[in-house]
Amino acid sequence: MLFNSLQFAIFFPSVAVLYFFMPHRYRWILLLAASSIFYMTFIPAYLGVIFAIIVIDYAVGLLLQEQRGRSRKWILVAGIVLTCSILFFFKYLGFLDHTITAAARFFHWNYSPHVLNILLPVGLSFHSFQSISYIIEVYKGAQKPERHFGYYCLFIMFFPQLVAGPIERPQHMLRQFREKHEFSYDLATNGIKLMAWGLFKKVVVADRLGMLVSTVYANPREFSGPFLVLSTFFFAFQIYCDFSGYSDIAIGSAQVIGFRLVDNFKRPYYAISITEFWRRWHISLSTWFRDYLYRPLGGNRVTRLRWCANILVTFAISGLWHGANWTFVVWGLLHGFYYLLSRWTQDLRKRFVITFELEKHVLLHKAMKVGITFCIVSFAWIFFVSKNLEDAFYVASHLFTGYREALHPAQLKEMLPLNKLGLDHIQLPLALLGILLVQLVEGLVSQEEMRSMLSARPAPFRWTIYYALAMGILIFGVFDNMKNFIYFQF
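Scope of this entry: the structure provided in the associated data block. Worth saying up front: this structure is predicted, and the values here are computed from it rather than measured.

### Quick notes on the environment of Thr-373
Here's step 1: Here Thr-373 is to be found in helix α16 (residues 362-385).
Here's step 2: Thr-373 gets classed as buried once you look at its relative accessible area, which sits at 6%.
Here's step 3: For Thr-373 and Val-362, which are 11 residues apart along the polypeptide, the C-alpha to C-alpha distance reads 17 Å.
Here's step 4: Thr-373 has contacts with Ala-271, Ile-272, Ser-273, Ile-274 and Phe-277, leaving out every residue within four places of it along the chain.

Given below as structure tokens:
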């Protein structure tokens, strides 16, 4: 069931109404049933995969409380290995076989590839990481084992964030299932506003940008530099509007029924450095890797060479987490290299600022840093969106070719009316306006501040904005051939 579907428009209000009319002691049953129905609309059989992860780590949590000494460590390791084994089987077994096959062909080994047709359960990576965070926090003593099996099931399966996060910590989420949530007009209306804004970003902006991106990246060799650059920048905004739109709907729908999910995005394309970008982008995943991988590896409390290795390993694994393809590994390593380069060049950049007296021109200096950060992040997105490394390297090496021919009036006239870019002369300006609107609105104030400001305005002003947003979704939303959210594949 997609957040941008008619089914969800019927499903969610029904669940919300029943939730507040139902006695508190039975609400967890309703939410668990609703979450199961929500997930089964994708592939019902794979509900069993999630249930297997739930049973494993629920049992691990109880065992960790009962055991003492070194045995606790081995129980934790066993829980992590079993959970990761399920993830590996469904997500990475085919990738491993493909990699071995490619290596065998290169070295002329006698290896017969296996035909593996294993369909990845939707959101399995998110379920696995949230479950692993639970047993680690129990092991550290930061969270008591959850004995109520239904509440623990909800922690893994809560439908607003079931498929693509945000990845919640047990300390923040489990206690909320015990709290009695009374209906709050302010919480409900603020949640609906956030859901509407997220839906706008998804169906009006992201899905429209996706028309051009999918057209160009399906056959990148048919397009020259200007169109490769345009599609790459479009993908940067597509994936942001798509994933942050999902997060807005998830956080907003949870807020309607009284639950608080963590923020997942904080205007990442306004970051002035790659370090700041990762504090603003997919925050729940970034902090997960920081706390459960980077710091256990030693973080920055090791030798300089080991620290560099920790950074690269963390980013490489984060890339592989996103998808079973070498393109994602390269994407992760690129960000790791960006991070290291930003540290290595700190003194050089300070001297540059002093030499050209950029500290006297604060806005110009900030604009330069934001622009450079956005460009290098967008370049890395090439490897994220490309089907394979060959296409990615082709795009990366042809970004600055063919400008004279491509920008010739005759060539432009041929490209746009014939929909060779996936967007015609009407849809293309709408896509650009959508990007501009989202960046302007989110660049001025945070979403929380925006909703508070709207609530403080007179009713005619508020309802004019609400009506405009609703009409924008209905009139300009892309509903033909409805698309999944990009992060559903992870």
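Structure shown, so let's carry the discussion forward.
### Structural notes on the layout of surface pockets
Here's step 1: In this structure, the largest pocket occupies an estimated 1,400 Å³ of space.
Here's step 2: In this structure, the largest pocket is lined by 47 residues; those nearest its centre are Lys-193, Ala-196, Trp-197, Leu-469 and Ile-473.
Here's step 3: Broken down by element, the lining of the largest pocket gets its largest block of residues, 14 residues, from helix α9 (residues 185-218).
Here's step 4: The class makeup of the residues in the lining of the largest pocket is 33 nonpolar, 8 polar and 6 charged.

### Looking at the nonpolar core
Here's step 1: Counting residues in hydrophobic clusters, the biggest one holds 137 residues, and the most contacted among them are Phe-8, Tyr-269, Trp-281, Trp-381 and Tyr-487.
Here's step 2: Leave out the neighbours within four places in its chain, and Trp-281 touches Ile-239, Tyr-240, Asn-264, Phe-265, Pro-268, Tyr-269, Ser-286, Trp-381 and Tyr-487.

### Overview of the side chain of Ser-5
Here's step 1: Note that Ser-5 resides in the segment before α1 (6-21).
Here's step 2: Polar contacts involving the side chain of Ser-5 include one to the main-chain amide nitrogen of Phe-8, which spans 3.3 Å.

### What about the pattern of salt bridges?
Opposite charge on two side chains allows them to pair when their charged atoms are near.
Here's step 1: For the structure on display, the rule yields 15 salt bridges.
Here's step 2: A salt bridge links Arg-221 to Asp-391; the nearest nitrogen and oxygen atoms lie 2.6 Å apart. Note that Arg-221 is positioned in the loop between α9 and α10 (225-256) and Asp-391 in helix α17 (residues 389-397), a separation of 170 residues in sequence.
Here's step 3: With a shortest N-O distance of 3.6 Å, Lys-360 and Glu-357 are connected by a salt bridge.
Here's step 4: A relative accessible area of 38% places Glu-357 in the partly exposed class.
Here's step 5: Several salt bridges converge on common partners, so that one network encompasses Arg-169, Arg-290, Asp-291 and Arg-295.

### Section: the environment of Asp-424
Here's step 1: Positionally, Asp-424 belongs in the loop between α19 (409-415) and α20 (427-444).
Here's step 2: Residue Asp-424 is classed as partly exposed on the basis of its relative accessible area, which comes to 22%.
Here's step 3: The spacing of Asp-424 and Phe-8 is 416 residues in sequence and 30 Å in space, taken between C-alpha atoms.

Calculation criteria
Residues numbered from 1 in each chain as written. Predicted model: local features only at pLDDT ≥ 70, side-chain atom pairs only at ≥ 80, totals over all residues. Heavy atoms only, no water. Helix = DSSP H or I, 4+ residues; strand = E, 2+ residues; numbered from the N terminus. Buried < 20%, exposed > 50% of the residue type's maximum accessible area, 1.4 Å probe, protein only. Contact = heavy atoms within 4.5 Å. 1 Å grid on protein atoms, 1.4 Å probe; cavity = no way out; pocket = protein on both sides within 12 Å on 5 of 7 lines; lining within 4 Å. Points joined across faces, edges and corners; volume = space filled by probe spheres on them. Nonpolar A, V, L, I, M, F, W, Y, C, P; charged D, E, K, R; others polar. Core = buried A, V, L, I, M, F, W, Y, C linked by side-chain atoms within 4.5 Å. Polar contact = N/O pair within 3.5 Å; in protein donor to acceptor, adjacent residues only side chain to side chain. Salt bridge = Lys/Arg side-chain N within 4 Å of Asp/Glu carboxyl O.

The quantities given are spatial measurements derived from coordinates; they are silent on function.
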